[in-house]
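# Examining the three-dimensional arrangement
Next come the chains, spelled out residue by residue.
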Amino acid sequence: MLNIIVCKNYEEMSEAAARSVLESIRETPDGLLSFPGGDTPLGMVRAFVRDVNAGKADISKLHYVSLDEWVGLASDVVGSCGKFNHDNLFAPLKYSFADKFVINGAAADIEAERRALNAFIEKYGPLTVSVLGIGMNGHLGFNESGVDFDLDAHIIPLDEVTKGVMQKYFDVERHPTQGITQGIRQIMAAKKVILLANGAHKADIVARAAKGAVTNEVPASVLQKHPNSYLIVDEAAASKL
Ligand code: PGA
């Protein structure tokens with residue numbers, strides 16, 4: 001069941017999500033954590049870092065895996081999920097995870113990278129908590145509209161909707177055509193899933209994901225079937241629920 005938590009604004013959404021993540025890792029301190037990159041989760045990641053640095057949770061036995069990456073982009077490129085992870089999570093944290101895997105979108109052998117992502121999740125998983133954003137087309141990670149819900153990590157053509165919004169993350173013009181992502185099967189195996197959304201522009205897709213039919217046309221709708229999933233949204237994104 002998708003539990004819905006409506007927060008007043010972005011800051012409250014971020015704080016509520018960080019609190020929920022901390023609860024999960026206190027319960028399972030040697031588990032596996034996954035965060036997305038991007039504008040939506042930034043406040044949550046900052047709150048998480050602040051609280052871990054303040055000693056509110058111990059991450060020394062915890063493992064970390066990134067959710068997705070643009071194929072072709074190295075982890076030091078502006079707009080890559082790898083750089084987001086480095087700049088906003090690993091660098092400001094005073095403590096280190098026991099082990100981490102950040103997808104290298106520029107791997108010479110992207111198929112080997114995909115296998116390595118699966119192997120890491122297999123080794124330390126299932127995910128203790130998977131935090132996700134929702135794309136304007138309902139994607140989770142790069143599980144785009146029409147994705148096979150049974151897939152583990154895979155490489156997938158980017159949806160036109162994703163291509164339309166992606167340029168905001170890059171400092172120079174870039175045109176990735178594929179993504180590498182954790183699969184819906186791995187996300188659905190997580191003990192807890194937290195889906196974040198903020199802003200009026202997400203209201204329609206949030207309503208379709210939370211209240212519409214469960215369909216791979218709106219991949220986030222699959223979370224209605226997860227036993228312990230939470231949609232944490234601000235009032236603007238909740239306005240059509
Ligand atoms: P956004 O992306 O944070 O840029 O809204 C969310 C997503 O595409 O998953």
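This is a predicted model, so every value here is computed, not measured.

Conventions and cut-offs
- Residues numbered from 1 in each chain as written.
- Predicted model: local features only at pLDDT ≥ 70, side-chain atom pairs only at ≥ 80, totals over all residues.
- Heavy atoms only, no water.
- Helix = DSSP H or I, 4+ residues; strand = E, 2+ residues; numbered from the N terminus.
- Buried < 20%, exposed > 50% of the residue type's maximum accessible area, 1.4 Å probe, protein only.
- Polar contact = N/O pair within 3.5 Å; in protein donor to acceptor, adjacent residues only side chain to side chain.
- Contact = heavy atoms within 4.5 Å.
- Pairing = 2+ DSSP bridges.
- Axes fitted to C-alpha atoms, helices over the stretch in contact; angles between N-to-C directions.

Turning our attention to the side chain of N85. As for its position among the elements, N85 is in helix α3 (residues 81-90). Judged by its relative accessible area of 2%, N85 is buried. A distance of 2.4 Å separates polar atoms of two side chains, one belonging to N85 and the other to Y64. In contact with N85, not counting residues within four places along its chain, are Y64, S66 and F90.

Moving on, we come to the sheet that holds strand β5 (residues 99-101). Across the sheet, which stays open at both edges, the seven strands sit in the order β1-β10-β9-β6-β2-β3-β5 with parallel pairing between neighbours. On the outer flanks of this sheet lie β1 (2-7) and β5, each paired with one strand and no other. The mean angle between the axes of side-by-side strands here comes to 15°, regardless of whether they run parallel or antiparallel. Direction of pairing for strand β2 (residues 32-35) relative to strand β3 (residues 63-66): parallel, over a ladder of four bridges. Residue pairing in the sheet places S34 in a bridge with V65 of β3. Relative to the sheet, α3 contacts β2, β3 and β5, its axis offset from that of β3 by approximately 145°.

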